[in-house]
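# Chains, contacts and geometry: an overview
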Amino acid sequence: MLQFFPDLFAPKVTTVEIRQTNQANPQAATGGVGHGPVSYADAVNVAAPAVVNIYTRTLVQQKAPLKDDPFYQQFLERRDTPQRQRIESSLGSGVILSPQGYIATNNHVIDGADSIVVALKDGREAMATLVGNDPETDLAVLKVELNDLPTITLSDSDSLQVGDVTLAIGNPFGVGQTVTMGIVSATGRNSLGLNTYEDFIQTDAAINPGNSGGALIDAYGNLIGINTVIYTKSGGSQGIGFAIPSNLTKQVMQDLIQHGRVIRGWLGIEVQELTPQLAESFGMADTRGLIIAGIFRNSPAHIAGMQPGDIMVSINKQPILDRRSSMDQIAKYKPGEEITIEVIRNNQALSLPVKIVERPRSRS
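Each value, and the rule that gives it
- Residues numbered from 1 in each chain as written.
- Predicted model: local features only at pLDDT ≥ 70, side-chain atom pairs only at ≥ 80, totals over all residues.
- Heavy atoms only, no water.
- Salt bridge = Lys/Arg side-chain N within 4 Å of Asp/Glu carboxyl O.
- Buried < 20%, exposed > 50% of the residue type's maximum accessible area, 1.4 Å probe, protein only.
- Helix = DSSP H or I, 4+ residues; strand = E, 2+ residues; numbered from the N terminus.
- Polar contact = N/O pair within 3.5 Å; in protein donor to acceptor, adjacent residues only side chain to side chain.
- Contact = heavy atoms within 4.5 Å.

### Looking at the pattern of salt bridges
- In total, this model carries seven salt bridges according to the counting rule given.
- The residue Arg124 makes a salt bridge to Asp122 at a minimum N-O spacing of 3.1 Å.
- Taking the relative accessible area as the measure of exposure, Arg124 reaches 27% and is therefore partly exposed.
- Two residues, Glu136 and Arg264, come together in a salt bridge whose shortest N-O distance is 3.0 Å. Remark: Arg264 occurs in the loop between helix 4 (246-259) and strand 14 (265-266) and Glu136 occurs in the loop between strand 6 (129-134) and strand 7 (139-143); sequence separation between them is 128 residues. For the pair shown, Glu136 and Arg264 are each scored as buried.
- Here the salt bridges do not stand alone but share partners, grouping Asp134, Glu136, Arg264 and Arg359 into one network.

Quick look at the structure:
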């Protein structure tokens, strides 16, 4: 039997099929073009050279431990007690937006720094000067004097959609330039209590300490935002990060370079959301509107005749949506522009022309 039917007594062999990617044509393994990307290396190669590391140093005066103690003050005042000094260092990221050396970063990255050093991916380093900062959006602009600087291309952040691929580039924890991937989780995030003006892109691309001021790019290497802050309970990334949109970054940067400050429109009013209960008390069926809670003396609103208790229902014929979007809309008008505010007063609609002035700079 063994001689005539050897297959009956041969051990069974399981055949395993292994598909190996054709290195000459890697798309063949995924079914060709249109069946999903396999690498974002091209996007990273385009954007990464324009993302820099930022190192800051701040000189801090240390008081003597007993200097504030009333008992010991009588002895300390009799002699000069030298104050101790220590240097605090911090790190962050930034993005080169122009070949002239202008760099966008977060205000909290450089706030209070005595010296700022910018390190490029190609190994070059340079001292940076602060062109201007805007705490109300947490943005700042630096400038370095270097030749042949790589720059990044800005994309229209208003065209972003939830689900778009995002890549975050920065220097988390000082380990060196790092790239993480995610998607746009939401757009237009506000009312987070972080800045005066908020219009954040939310992403689940990992953002960690040191990523602040770095680039959030699309799948083609274009800048769509400046990484700013994360929501976390552990101190590390938990999939909820926020970035300042590129359109807002561009507008703030241009103002800081040209004027040294961000120019915003101002009416001089304090407003309150119109809740269903308040709307009912005013005899209104619609809750779209803002109650004028206060008016600054001699402000544009005061001069135009607006009164506390008025209900603002539209700005230049654009209906009020919510407090945040309405205040942002007013801020976008240039000083000297005249707009029309429609209010309801004693169940009567009034259209009041108001001349915008520049918003006073925040003292914070």
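### A word on the side chain of Asn227
- Looking at the element boundaries, Asn227 is found in strand 12 (residues 223-230).
- Here Ala215 takes part through its backbone oxygen, which lies 3.2 Å from a polar atom of the side chain of Asn227.
- Discounting chain neighbours no more than four positions away, the residues touching Asn227 are Asn106, Ala168, Ile169, Ile207, Asn211, Ser212, Gly213, Gly214, Ala215, Leu216, Phe242 and Ala243.

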